[in-house]
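Descriptive analysis of the structure
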Amino acid sequence: MTSKLKQIHELPPLSDPLESAKRVAAYKAVDENFPHEATGEVVVGIGSGSTVVYAAERIGQLPNKANFVCIPTGFQSQQLIIDNGMKLGRIEQYPEIEIAFDGADEVDYQLNLIKGGGACLFQEKLVASSSKKFIVVADFRKKSPKHLGVAWKKGVPIEVVPVSYARVLKDLYKLGAVKAIVRQGGSAKAGPVVTDNNNFLIDADFGEISNPQKLHNDIKGLVGVVETGLFVNGIANKAYFGESNGEFTTQE
Ligand SMILES: O=C[C@H](O)[C@H](O)[C@H](O)COP(=O)(O)O
């Protein structure tokens with residue numbers, strides 16, 4: 001069925017080369033991993049952010065898209081599914097997902113990720129950890145030469161129950177954070193960002209993270225923490241990176 005689709009090299013480049021890099025990563029990830037020939041129902045996770053927009057676009061171009069049920073990871077993702085004419089499902093109905101596509105803020109050499117730069121980490125982790133196959137799509141800026149905390153300098157996003165934020169901030173410093181702040185809405189909203197689950201986000205900078213699994217476990221053990229943006233323990237199967245020269249690379 002992929003032969004009926006326009007191939008990526010047949011498409012005109014986008015005006016912003018970074019957007020072209022995101023598109024090539026996402027289109028290739030879908031072309032090479034999506035169960036194109038499936039005739040029965042396929043449950044697909046659709047992540048959040050600016051790169052996964054192109055994965056949803058590509059899936060929306062597939063001629064058998066009526067067979068797919070797409071599970072969102074938040075409000076933006078739900079809109080992407082609707083806008084691309086795909087069937088929307090809920091994780092409560094479909095707790096087992098065949099394949100999920102999502103972006104990342106940073107990817108280390110072992111395929112550990114930092115996610116949550118767009119405030120969607122909890123539902124993203126729920127969907128990713130419920131998926132048999134989890135494919136990351138990103139542009140070249142997201143690759144870390146080795147550890148997390150090198151390319152992404154804004155800290156580890158952590159979703160917390162609002163009433164616990166002051167306590168969690170103190171505890172994060174005890175765990176070794178050099179800076180921890182409640183994410184603010186800035187000019188778009190006075191006061192803190194509120195997630196799709198009505199929680200707050202803390203961005204905690206731990207510098208270079210050599211043991212992301214341990215850091216995740218330590219943070220997750222704090223009272224008030226819902227989830228961390230550290231996606232570790234082999235959760236991601238493969239990453240596609242759009243490069244600045246218009247090509248793509250992979251890591252698995
Ligand atoms: O909360 C947001 C998500 O984790 C995004 O997938 C992540 O921030 C990457 O987004 P983008 O593709 O826009 O760089």
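Residues numbered from 1 in each chain as written. Predicted model: local features only at pLDDT ≥ 70, side-chain atom pairs only at ≥ 80, totals over all residues. Heavy atoms only, no water.

Of regular secondary structure, the protein chain possesses six helices and 14 strands. Its C-alpha atoms give the protein chain a radius of gyration of 18 Å, within 12% of the compact-globule value 18 Å for 252 residues. Principal-axis analysis of the C-alpha atoms gives the protein chain an extent of 55 × 40 × 35 Å. Across the 252 residues that make up the protein chain, the buried fraction comes to 53%. Considering only contacts in the protein chain between residues 6 or more positions apart, those separated by 24 or more positions represent 74%. Carbon together with sulfur atoms contributes 52% to the accessible area of the protein chain, which is approximately 11,500 Å² in total. Of note, the protein chain has its 28 positive side-chain charges centred 3 Å away from the centre of its 29 negative side-chain charges. (Helix = DSSP H or I, 4+ residues; strand = E, 2+ residues; numbered from the N terminus. Rg over C-alpha atoms; globule rule 2.2 N^0.38 Å. Buried < 20%, exposed > 50% of the residue type's maximum accessible area, 1.4 Å probe, protein only. Contact = heavy atoms within 4.5 Å. Areas by Shrake-Rupley, 256 points an atom, 1.4 Å probe, with all protein chains shown as cover. Lys, Arg positive; Asp, Glu negative; His and termini not counted. Charge placed at Lys NZ, Arg CZ, Asp CG, Glu CD.)

Right, let's talk about the sheet that holds strand E5 (residues 106-107) for a bit. If you walk across this open sheet you meet the three strands as E5-E6-E12, and the pairing is antiparallel. In the strand order of this sheet, the two ends are held by E5 and strand E12 (230-231), each with one partner. (Pairing = 2+ DSSP bridges.)

Topologically, arginine 58 is positioned in helix H2 (residues 52-60). Engagement of the side chain of arginine 58 in a polar contact is seen with the side chain of glutamine 61, the distance being 2.9 Å. Contact partners of arginine 58, with chain neighbours within four places excluded, come to Leu5, Lys6, Gln7, Ile8, Tyr27, Val30 and Asp31. (Polar contact = N/O pair within 3.5 Å; in protein donor to acceptor, adjacent residues only side chain to side chain.)

Looking now at the pattern of salt bridges. Using the criterion set out here, one finds 15 salt bridges in the structure. With its nearest N and O atoms 2.7 Å apart, the salt bridge here joins lysine 214 to aspartate 218. Placement of the pair is lysine 214 and aspartate 218 together in helix H6 (residues 212-220), with a separation of four residues, close to one helical turn. Among the residues examined, lysine 214 registers a relative accessible area of 47% and is labelled partly exposed. (Salt bridge = Lys/Arg side-chain N within 4 Å of Asp/Glu carboxyl O.)

With respect to topology, four strands assemble into an open sheet ordered E9-E10-E8-E11, the strand pairing being antiparallel. Two strands bound the open sheet, and with one partner strand each, they are strand E9 (179-182) and strand E11 (225-228). Each adjacent strand pair in this sheet contributes to an overall mean axis angle of 25°, direction not counted. Pairing geometry for strand E8 (residues 156-160) and strand E10 (residues 200-205), over five bridges, is antiparallel. By the bridge assignment, glutamate 159 is partnered in E10 with leucine 201. The strands that helix H4 (residues 121-129) touches are E8, E10 and E11; relative to E11, the one it contacts most, it runs at about 65°. Against the sheet, H6 makes contact with E8 and E11, and its axis sits at roughly 165° relative to E11, the strand it touches most. (Axes fitted to C-alpha atoms, helices over the stretch in contact; angles between N-to-C directions.)

Phe34, Val44, Ile46, Ile59, Phe68, Cys70 and Phe101 are the most contacted members of the largest nonpolar core, which has 28 residues in total. Listing elements by their share of this core, those giving two or more residues are helix H1 (17-33), strand E1 (42-46), H2, strand E2 (68-72), helix H3 (75-83), strand E4 (97-102) and strand E7 (131-139). The biggest single contributor to this core is H1, with six residues. Beyond its immediate chain neighbours, meaning those up to four positions away, cysteine 70 contacts Val44, Ile46, Ile81, Met86, Lys87, Leu88 and Gly89. With 23 residues, the next largest nonpolar core counts Val160, Leu169, Ala180 and Val232 among its residues. (Core = buried A, V, L, I, M, F, W, Y, C linked by side-chain atoms within 4.5 Å.)

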